[in-house]
Amino acid sequence: MTAPGVPHEPGAPGDGAARGGHQRIPRPADVRPGEAPPWAHLDDQERIITLPLLRERFARLGAPVRSAREGHVDRASAVLAAIYEHDGETWVVLTRRSAALRVHSGEVSFPGGGQDEGEDLRDTAKREACEEVGLDPDLVEIIGELDHLSTITSNSFIVPYVAALPHRPELKPSPAEVAAVLHVPLSELLHPTVFHEERWDLFGTDRAMWFFELAADTVWGATAAMLRQLLGFATGTVERGDLGHI
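Keep in mind that this is a model prediction, so the values were computed, not measured.

(A) Examining the overall build of the protein chain more closely. If you tally the helices and strands in the protein chain, you get four helices and 12 strands. Residues classed as buried in the protein chain amount to 50% of the 246 residues present. Within the protein chain, contacts between residues separated by at least 24 positions form 70% of all contacts whose residues are at least 6 apart in sequence. If you sum the accessible surface of the protein chain, you get close to 11400 Å²; carbon and sulfur atoms cover 51% of it.

Structure representation (structure tokens):
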């Protein structure tokens, strides 16, 4: 298990180490294999992501696609994908949620949560990241926005913000909400053996479900959908509207 606040040490994909975690995944009986990663055809050089490249990609993107449920659900929430460069790698901050939480316990997610009354959603993302992992809001420079989404299990829509940090942050998780902070290199997430797609029949609809198998965790669900779009934007292999969530 990754120690709280300590960078995730991934090991090289394909080095023989076991991958995936103990997250509870409610797979149906008739799971089918899906497509290859959008970036599977890229070579190693084309899969290198830097903060300047991310800024450039987001500057060229159009407005985010809104969730179809916006205006029809009770609450708005926001999450923060905080990204920084360190030791020649570009990293993203994720969390492993506390096992004591009632909803999504033990799952990997971005810091985030519900909007307070009268609060701008950008400020929601910053506030929640500060409360959950101690990220100083003054370090956060929002450089982009993923498409909005909602989840089957919540009556809210989610606005995912992408932020650049000037350096690796010193983070301290809130024990009530976060079991561990995961600092994950984007190069690991882009490795062809780490990402895979499955096809699930959900309520009579064929749906793509995405997974990132890390050294000690499995990222899936809405977080995996957001990560896939983030990486797809960065590599030029995914377009606006291709989020795969409601």
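Next comes the rest of the description.
(B) Inspection of the sheet that holds strand β1 (residues 32-33) at higher detail. As summarised here, the arrangement of the four strands in space is β1-β10-β11-β12, forming an open sheet in which the pairing is antiparallel. The open sheet has two edge strands with one neighbour each: β1 and β12 (218-220). Summarising the sheet, β1 and strand β10 (residues 195-202) pair through two bridges and their orientation is antiparallel. By the bridge assignment for β10, Arg-32 is matched with Arg-199.

(C) Region of the structure containing the packing of aromatic side chains. Under the criterion given, the structure shown has seven aromatic pairs. On the numbers, 6.3 Å between centres and 45° between planes, the contact of Trp-200 with Phe-211 is tilted. One end of the pair, Trp-200, is in strand β10; the other, Phe-211, is in strand β11 (residues 205-213), and 11 residues separate them in sequence. The rings of Trp-39, Phe-195 and Phe-212 are connected pair by pair, giving a single aromatic cluster. The side chain of Arg-27 reaches across the aromatic face of Phe-211, ending 4.8 Å from its centre. Over the face of the ring belonging to Trp-210 we find Arg-228, whose NZ or CZ atom lies 4.1 Å from the ring centre.

(D) Structural detail: the environment of Val-140. Structurally, the position occupied by Val-140 is in the loop between α2 (121-133) and β6 (141-145). Along the backbone, Val-140 and Lys-126 are 14 residues apart, and their C-alpha atoms lie at a distance of 7.3 Å. The contacts of Val-140, once residues within four sequence positions are left out, are Leu-80, Lys-126, Leu-135, Ala-163, Ala-164 and Leu-165.

(E) Inspection of unusual backbone geometry at higher detail. Even without glycine at this site, Asp-87 takes up a positive phi of about 55°. With respect to the helices and strands, Asp-87 occurs in the loop between β2 (75-86) and β3 (89-97). Owing to a relative accessible area of 67%, Asp-87 belongs among the exposed residues under this scheme.

(F) Broad picture of the pairing of β3. Burial analysis of β3 places seven of its nine residues in the buried class, which makes it a mostly covered element. Both β2 and β3 contribute to a ladder of four bridges, which runs antiparallel. Note that in β3 the partner of Tyr-84 across the bridge is Trp-91. Where β2 hands over to β3, the hairpin turn is made up of two residues, of which Asp-87 adopts a positive phi near 55°. One ladder, built from seven bridges, connects β3 with strand β9 (residues 178-185); its direction is antiparallel. Counterpart to Val-92 in the pairing with β9 is Val-184. As paired elements, β3 and strand β4 (residues 108-109) share two bridges and run antiparallel to each other.

(G) Region of interest: helix α4 (residues 221-235). Taking 1.5 Å per residue as the helical rise, α4 with its 15 residues ought to reach 21 Å, and the 21 Å between its terminal C-alpha atoms agrees with that figure. One or two residues past the end of α4 sits Gly-236, with phi positive at roughly 70°.

(H) Spotlight on the pairing of β6. Burial analysis of β6 places four of its five residues in the buried class, which makes it a mostly covered element. Note that β6 and strand β8 (residues 156-164) share four bridges and pair antiparallel. Bridge pairing links Glu-145 to Tyr-161 in β8.

(I) The arrangement of the side chain of Glu-198 in detail. Mapped onto the fold, Glu-198 is located in strand β10. Judged by its relative accessible area of 8%, Glu-198 is buried. Here the side chain of Glu-198 touches His-196 through a polar contact of 3.0 Å, side chain to side chain. Leave out the neighbours within four places in its chain, and Glu-198 touches Arg-27, Val-31, Arg-32, Gly-34, Arg-207, Ala-208, Met-209 and Phe-211.

Reading the values: rules and limits
- Residues numbered from 1 in each chain as written.
- Predicted model: local features only at pLDDT ≥ 70, side-chain atom pairs only at ≥ 80, totals over all residues.
- Heavy atoms only, no water.
- Helix = DSSP H or I, 4+ residues; strand = E, 2+ residues; numbered from the N terminus.
- Buried < 20%, exposed > 50% of the residue type's maximum accessible area, 1.4 Å probe, protein only.
- Contact = heavy atoms within 4.5 Å.
- Areas by Shrake-Rupley, 256 points an atom, 1.4 Å probe, with all protein chains shown as cover.
- Pairing = 2+ DSSP bridges.
- Phe/Tyr/Trp six-rings, centres within 6.5 Å; stacked < 30°, edge-to-face > 60°.
- Lys NZ or Arg CZ within 6 Å of the ring centre and 35° of its normal.
- Expected span 1.5 Å × (residues − 1).
- Polar contact = N/O pair within 3.5 Å; in protein donor to acceptor, adjacent residues only side chain to side chain.

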